[in-house]
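Spelled out from the first residue to the last, the chains are:
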Number of protein chains: 2
Amino acid sequence: MADGAVAFRDELFSAGLLIETGVDGLYGRSQIFESVVEAIDRLATLAGAHHRATVVRFPPIMPRAVFEQTDYLRSFPDLTGSIHTFRGDDREHARLLARLDRGEDWTASLTPAAAVLCSAACHPLYPTITGRLPAGGRVFDVYGYCFRHEPATDPTRMIAFRMREFVHVGDPDDAEEHRDQWITRATDLMAGLGLAVEAVVANDPFFGRLGTMLANNQRDEALKYEIVTPIAGERPTAIVSCNLHRDHFGGPFEIETADGAVAHSACVGFGVERIALALLRTHGLDPDHWPAAVTGRLWP
Amino acid sequence: MADGAVAFRDELFSAGLLIETGVDGLYGRSQIFESVVEAIDRLATLAGAHHRATVVRFPPIMPRAVFEQTDYLRSFPDLTGSIHTFRGDDREHARLLARLDRGEDWTASLTPAAAVLCSAACHPLYPTITGRLPAGGRVFDVYGYCFRHEPATDPTRMIAFRMREFVHVGDPDDAEEHRDQWITRATDLMAGLGLAVEAVVANDPFFGRLGTMLANNQRDEALKYEIVTPIAGERPTAIVSCNLHRDHFGGPFEIETADGAVAHSACVGFGVERIALALLRTHGLDPDHWPAAVTGRLWP
């Protein structure tokens, strides 16, 4: 129930684990909350160590031109975060301030910047992959803040959150295998933390009338799996997703396999804040009192 | 010279330390670059351990209402990053996509979101400080991504960068002492990393005609000190700043000292990417070959 989610958020505020900002979906994080997030990040590092992945970190914003090359605006316009800035002179600045002082919308003075908010941790990665891939493809380790404009009182639905990913880019079969292996591996990893998890076929929240068709298609082809666990919402919440992109990124960003074919890609994404919230909901708000089997894995 | 900065950026790209995105000021970071940043972060933690600060982490975006309460739009409109999103229906979505397909500005379909990009790591903090401060005030430890729209080819001038801060909030004298102590402490800390540093009175890049007056005023009152070091630009680059805010935040956010007076604040901010770049410029692009005295401090 939505009420359960609101009550859980209030508990998190009261315990000081999340810090209220006045905007739904936007919260400060306490030291304890962050230490849980860091532990989950370390656990993901260990679980993916065999990949010997190339570690790359991107800021929370990405080039507008790259964003336009993904089909994000087609599929999820409502989640988009476009960045706008002021390029005017003193006179236009005076106008902006007059609007601000009158409590009016001052953004009319702004123009689009060359960057937008990161829609997914892996989106900035694809255009940076240049030259043919080696045989067997490559695995990248990315981690960063994502923005999704879906303000909600459910604390698991944040507008700014972090996603830790292992992205495979290579042949179609290898990409699919990467995705499939991570369904099992991540399910085991989350179950090992005492979470009641299940891997289910899922779909992204495609926008509008056309979106229903895209979502059905994604489900029919079983491209996206989510590892879900009950947190505080009406239905179980996705804490990890395992996605087969096919040539969705390899195509537009012209990524080539060793054979010169269009590369396929797949990723596993750990929603670190959601995993932290699942742990806090399942084991209680004080990690000092979590089961030894759980803390032993998080803080070995 | 600007050319020196461009050449340095090219070296960083070639060495794979920074990753080109096509947007000036926006770069990916390699594992080595991040390990230097993490080491600087740890060093700052140790240097500020005596504060027993309250650790809080905020996402890279902050409430629009809070942003409007700071005077950032008055002083630095050109650095601002306002976030806009799509709230239309299928029909408006079709219009957006038509504009996108024609290569036109598609942002006309967007409306301002309830959040903007973080202008400084400490800005989201102030409104969360509620109730009277204890005697002696409080110190907060914040760290996060900041956005400043000042695209430049000099790699030290990023539009998305991280700032690690210790913020004191309390009596005027304590705030000033916090600032003054950090001028010395941070200068010593940076000198200990083999950087040729100097603490200088500085000013923020206030916008426009009025800005010149504000900048002069800030310098006359010696509110802002910067620890500068030669990196690749024409002039030395600020890598740490030590700021006395007076009641600049305590006033609008109604922060009260133990006596019920308006709280003063001060902060030290470590520009972690700039410190990393200063180290790479001074000691070479391969941390494996940095002087033992430097690596001994960074990776003890």
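First, a word on scope: everything that follows refers to the structure included in this document. What you see is a predicted model, and the numbers here were worked out from it, not measured in a lab.

If you trace the nine strands from one edge of the open sheet to the other, you get β9(A)-β10(A)-β11(A)-β12(A)-β8(A)-β7(A)-β3(A)-β2(B)-β1(B), paired in mixed fashion. Either end of the sheet is taken by a strand with one partner, and the two such strands are β9 (198–202) of chain A together with β1 (18–20) of chain B. The average undirected angle you get between the axes of adjacent strands in this sheet is 25°. Bridge analysis of strand β3 (residues 54–57) of chain A against strand β2 (residues 27–30) of chain B gives two bridges, and the strand direction is antiparallel. The residue of β2(B) that forms the bridge with V56(A) is S30(B). With respect to the sheet, helix α2 (residues 31–47) of chain A is in contact with β7 (138–147), β8 (160–170) and β12 (264–271) of chain A, its orientation differing from that of β8(A) by roughly 5°.

Next up on the list: the sheet that holds strand β4 (residues 61–63) of chain B. An order of β4(A)-β6(A)-β5(A)-β5(B)-β6(B)-β4(B) is seen for the six strands of this open sheet, with the pairing classed as antiparallel. Of all strands in the sheet, those with a lone pairing partner are β4 (61–63) of chain A together with β4 of chain B, marking the two edges. Across the sheet, the axes of successive neighbouring strands diverge by a mean angle of 55°, strand direction being ignored. Relative to strand β5 (residues 82–86) of chain B, strand β5 (residues 82–86) of chain A is paired through three bridges, and the arrangement is antiparallel. Residue pairing for β5(B): H84(A) is matched across the bridge by S82(B).

A few words on the relation of the copies chain B and chain A. Note on the chain copies: they are related by a rotation about an axis and a translation along it. Once turned by 180° and shifted 0.0 Å along the axis, chain B lies on chain A with an RMSD of 0.0 Å. As the rotation angle and translation indicate, the two copies are arranged about a two-fold axis. Ranked by how close their C-alpha atoms come to the rotation axis, the residues of chain B are headed by I83(B), at 2.4 Å. An overlap of 100% is found between the interface residues of chain B and their copies at the interface of chain A, pointing to a shared contact surface.

Before going further, it helps to examine α2(A). Two residues of an α-helix separated by three or four positions point the same way, owing to the 3.6 residues in each turn. Here α2(A) spans 24 Å end to end across 17 residues, near enough to the 24 Å set by a 1.5 Å rise per residue. Restricting attention to buried positions, one finds in α2(A) the residues F33(A), E34(A), V36(A), V37(A), A39(A), I40(A), D41(A), L43(A), A44(A) and A47(A).

Overall, the coordinates contain 30 salt bridges over all chains when judged by the stated rule. Taking the shortest distance from any N to any O, the salt bridge between E273(B) and R29(B) comes out at 2.9 Å. You can see E273(B) sitting in helix α8 (residues 272–283) and its partner R29(B) sitting in strand β2, a full 244 residues away along the chain. Take E273(B) and R29(B): they sit in the same class, and that class is buried. Of the charged contacts, one joins R162(B) and E273(B) as a salt bridge, the two residues approaching to 2.9 Å between their closest N and O atoms. Taken together, the positions of R162(B) in strand β8 (residues 160–170) and E273(B) in helix α8 put the pair 111 residues apart, joining distant regions of the chain. A single salt-bridge network, built from bridges that share partners, covers R29(A), E34(A), R162(A) and E273(A).

This paragraph deals with the side chain of S75(B). Residues and elements named next belong to chain B. Turning to its location among the elements, S75 is positioned in helix α4 (residues 72–75). For S75, a relative accessible area of 4% gives the class buried. Excluding anything up to four places from it in sequence, S75 contacts P205, F206, F207 and L214.

Along the chain, H149(A) turns up in the loop between β7 and β8. Residues contacting H149(A), with those up to four places away along its chain left out, are D78(A), L79(A), T80(A), I159(A), T85(B), R87(B) and A113(B).

Residues and elements named next belong to chain B. Direction vectors running N to C along helix α2 (residues 31–47) and α8 enclose 115°, while the axes themselves pass 9 Å from each other. In terms of orientation, α2 and α8 fall into the roughly perpendicular class. Crossing of α2 over α8 shows right-handed handedness. Residue-level inspection shows F33, V36, V37 and I40 of α2 in contact with α8, the latter providing V272, E273, I275, A276, L277, L279 and L280. Among the residues making up the contact of α2 with α8, the classes are represented as 10 nonpolar, no polar and one charged.

For the rest of this paragraph, the subject is the environment of Q69(A). Residue and element names in this part refer to chain A. Turning to its location among the elements, Q69 is positioned in helix α3 (residues 64–69). We classify Q69 as partly exposed; its relative accessible area is 40%. Between the C-alpha atoms of Q69 and F253, which are 184 residues apart in sequence, the distance is 7.9 Å. Beyond its immediate sequence surroundings of up to four residues, Q69 is in contact with P252 and F253.

A separate point is unusual backbone geometry. Residue and element names in this part refer to chain B. With phi around 50°, A222 is a residue other than glycine that occupies positive phi space. Here A222 lies in the loop between α7 (208–220) and β10 (224–229). One non-glycine residue, E254, adopts positive backbone phi at about 50°. One can find E254 in the loop between β11 (237–246) and β12 (264–271). Residue classification places E254 among the exposed residues on the basis of a relative accessible area of 67%.

With that out of the way, let us pick up the interface of chain B and chain A. With 62 residues of chain B in contact, the opposing surface of chain A contributes 62 residues. Across the chain B/chain A interface, buried area totals approximately 5000 Å², and carbon plus sulfur atoms make up 70% of it. Across the contact surface, chain B and chain A share two salt bridges. With its nearest N and O atoms 3.1 Å apart, the salt bridge here joins R74(A) to D101(B). Linking chain B with chain A are 18 residue pairs in polar contact (both at pLDDT 80 or more). Each residue belonging to the side of chain B that touches chain A can be placed in one class, and the counts come to 33 nonpolar, 15 polar and 14 charged.

Scoring rules and cut-offs
Residues numbered from 1 in each chain as written. Chains lettered and ligands numbered in written order. Predicted model: local features only at pLDDT ≥ 70, side-chain atom pairs only at ≥ 80, totals over all residues. Heavy atoms only, no water. Pairing = 2+ DSSP bridges. Helix = DSSP H or I, 4+ residues; strand = E, 2+ residues; numbered from the N terminus. Axes fitted to C-alpha atoms, helices over the stretch in contact; angles between N-to-C directions. Contact = heavy atoms within 4.5 Å. Least-squares fit on C-alpha atoms with pLDDT ≥ 70 in both. Expected span 1.5 Å × (residues − 1). Buried < 20%, exposed > 50% of the residue type's maximum accessible area, 1.4 Å probe, protein only. Salt bridge = Lys/Arg side-chain N within 4 Å of Asp/Glu carboxyl O. Parallel < 35°, antiparallel > 145°, perpendicular 65-115°, else oblique. Left-handed = near helix turned anticlockwise from the far one by under 90°. Nonpolar A, V, L, I, M, F, W, Y, C, P; charged D, E, K, R; others polar. Buried area = accessible area lost by both parts, 1.4 Å probe. Polar contact = N/O pair within 3.5 Å; in protein donor to acceptor, adjacent residues only side chain to side chain.

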